[in-house]
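Working through the structure, step by step
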Amino acid sequence: MRAVGYQQSLPIDQDAALIDVDLPRPGPGPRDLLVEIKAVSLNPVDTKVRMRAQPEPGGVKVLGFDAAGIVRGVGKDVSLFREGDEVFYAGAITRQGTNAEFHVVDERLVGAKPKSISFEEAAALPLTTLTAWETLFDRLEINRPVKGAANAILIVGGAGGVGSIAIQLARQLTDLTVIATASRPDTQAWCRELGAHHVIDHSKSLAAQVEALGIGAPAFIFSITHTETHFVEIAKTIAPQGRFALIDDPTAPLDISLLKGKSVSIHWESMFTRSTFQTADMERQHEILNEASRLVDAGTIKTTLAEVIGPIDAAHLKRAHAFIESGRARGKIVLSGF
């Protein structure tokens, strides 16, 4: 089968950073689905893994997490899906990725693709939806109020993939006041379009801008990117006994003692925790994706696809990696077919 991978970690401007390869078609394990890949999308984790994870000597590592496709085979213990089902999912970081014609994935990580949208639109959703959902509802527990705090959430980095979903989920599924940050006119407009009540500029003081809104200190803050840059302002902004979550990998140490005086709890989310450690609640991701699919079909939330740039091959994936690494992405970049 055709696939795209790499044999050594290289900067994306190098010819061999990603290469077209031919690999054997994988076979499903007991609880696996064999999926014919129709579309994939890119996330920052793709670029991070490319630079950090070395393939086995002489081997090829295939990247890719987000995917939408059709089930073409099932393992002997599969009970949630059958051949012919249309699905979407984000996969596991411990296995070969989705940048291939066929892919195997544990059924507990897979949801039924929304019927009302294309494979390309569906492929934009899984990883960011799972990350946002788990952060908001499983980690921050935003439906459990913080007494005395403003019933509000500040989403730092609202225009990217995760922020684009988090804004929609918080706005549509809760009564929280949603404050998002974005620094450019186009990304600020995007956040408003997705449902943010207020949009502030993260290149300026977060605390001063939130205070100027006159709603009080927010109960919840969700930091998606550049947490080390904004952490001091986050500590000033959040309400006493508030809850703070982050998903990025800060490039400098965070002085978490800044949160002690307010008794702020810290929640670090990784969407791959459940699959990596085979947690007892691993099927939660199947449930989340099925609920997200229902919300899409009901028109409650929408895909965050920004652009389909071409087929799944090394040239187009290199272009997508470079754009992700530029930090200029708004919404999701998708590749379609081989």
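Heads up: the structure comes first, above all this text.
So, here is what we can say about the structure in this document. Quick caveat, the model's predicted, so the values are computed rather than measured. (Residues numbered from 1 in each chain as written. Predicted model: local features only at pLDDT ≥ 70, side-chain atom pairs only at ≥ 80, totals over all residues. Heavy atoms only, no water.)

Moving on, we get to the side chain of Thr129. By secondary structure assignment, the location of Thr129 is in helix α3 (residues 126–139). A polar contact of 2.7 Å, which involves the side chain of Thr129, links it to the backbone oxygen of Leu125. Excluding anything up to four places from it in sequence, Thr129 contacts Ile165 and Ala292. (Helix = DSSP H or I, 4+ residues; strand = E, 2+ residues; numbered from the N terminus. Polar contact = N/O pair within 3.5 Å; in protein donor to acceptor, adjacent residues only side chain to side chain. Contact = heavy atoms within 4.5 Å.)

Turning our attention to the nonpolar core. Tyr89, Ile153 and Phe222 are the most contacted members of the largest nonpolar core, which totals 87 residues. Contact partners of Ile153, with chain neighbours within four places excluded, come to Leu136, Leu140, Ile142, Ala170, Leu176, Thr177, Val178, Ile179, Phe220 and Phe222. With 17 residues, the next largest nonpolar core counts Ala152, Leu206, Ile238 and Leu246 among its residues. (Core = buried A, V, L, I, M, F, W, Y, C linked by side-chain atoms within 4.5 Å. Buried < 20%, exposed > 50% of the residue type's maximum accessible area, 1.4 Å probe, protein only.)

Before going further, it helps to examine helix α7 (residues 227–237). For α7, every residue scored as buried is listed here: Thr227, His230, Phe231, Glu233, Ile234, Ala235 and Thr237. On the buried face of α7, the contacting elements are β9 (150–156), α6 (206–213), β12 (218–223) and β13 (243–246).

Moving on: the sheet that holds β13. In space, the six strands of this open sheet follow the order β11-β10-β9-β12-β13-β14, with parallel pairing throughout. Each having just a single partner strand, β11 (198–200) and β14 (265–268) make up the two edges of the open sheet. The sheet shows a mean angle of 20° between the axes of neighbouring strands, taken without regard to direction. Examined bridge by bridge, β13 and β14 share four bridges and lie parallel to one another. Of the residues in β14, the one forming a bridge with Phe244 is Ile266. With respect to the sheet, α6 is in contact with β9, β10 (177–181), β11 and β12, its orientation differing from that of β11 by roughly 155°. (Pairing = 2+ DSSP bridges. Axes fitted to C-alpha atoms, helices over the stretch in contact; angles between N-to-C directions.)

Let us look at the sheet that holds strand β4 (residues 61–62). Read across the open sheet, the three strands follow the order β2-β1-β4; overall the sheet is antiparallel. Two strands in the sheet have a free side with no partner beyond their single neighbour: β2 (19–22) and β4. Sheet topology note: the strand β1 (residues 2–6)/β2 ladder contains four bridges and is antiparallel. For Val4, the partnering residue across the bridge sits in β2 and is Asp20.

Right, let's get into the packing of aromatic side chains. Going through the model one piece at a time under the given rule, you end up with three aromatic pairs. Summarising the aromatic geometry, the rings of Trp133 and Phe137 are spaced 5.3 Å apart at their centres and angled 55° between planes, so their arrangement reads as tilted. Note that Trp133 and Phe137 are positioned in helix α3 at a spacing of four residues, about one turn of the helix. The residues Trp133 and Phe137 share a single accessibility class, namely buried. A ring pair is formed by Phe231 and Phe244, whose centres lie 5.8 Å apart and whose planes are at 55°; its orientation type is tilted. Residue Phe231 is located in helix α7, and its partner Phe244 is located in strand β13; the two are separated by 13 residues in the primary sequence. Residue class for Phe231 comes out buried when judged on its relative accessible area of 3%. The class of Phe244 is buried, set by a relative accessible area of 1%. A cation over an aromatic ring shows up here: Arg25 above the ring of Phe102, its NZ or CZ 3.8 Å from the ring centre. (Phe/Tyr/Trp six-rings, centres within 6.5 Å; stacked < 30°, edge-to-face > 60°. Lys NZ or Arg CZ within 6 Å of the ring centre and 35° of its normal.)

This next bit is on the packing of α6 against α7. Direction vectors running N to C along α6 and α7 enclose 30°, while the axes themselves pass 8 Å from each other. On the basis of the axis angle, α6 is roughly parallel to α7. The residues of α7 that touch α6, namely those facing Leu206, Ala207, Ala208 and Val210, are His230, Glu233, Ile234, Lys236 and Thr237. Split by residue class, the contact of α6 with α7 holds five nonpolar, two polar and two charged. (Parallel < 35°, antiparallel > 145°, perpendicular 65-115°, else oblique. Nonpolar A, V, L, I, M, F, W, Y, C, P; charged D, E, K, R; others polar.)

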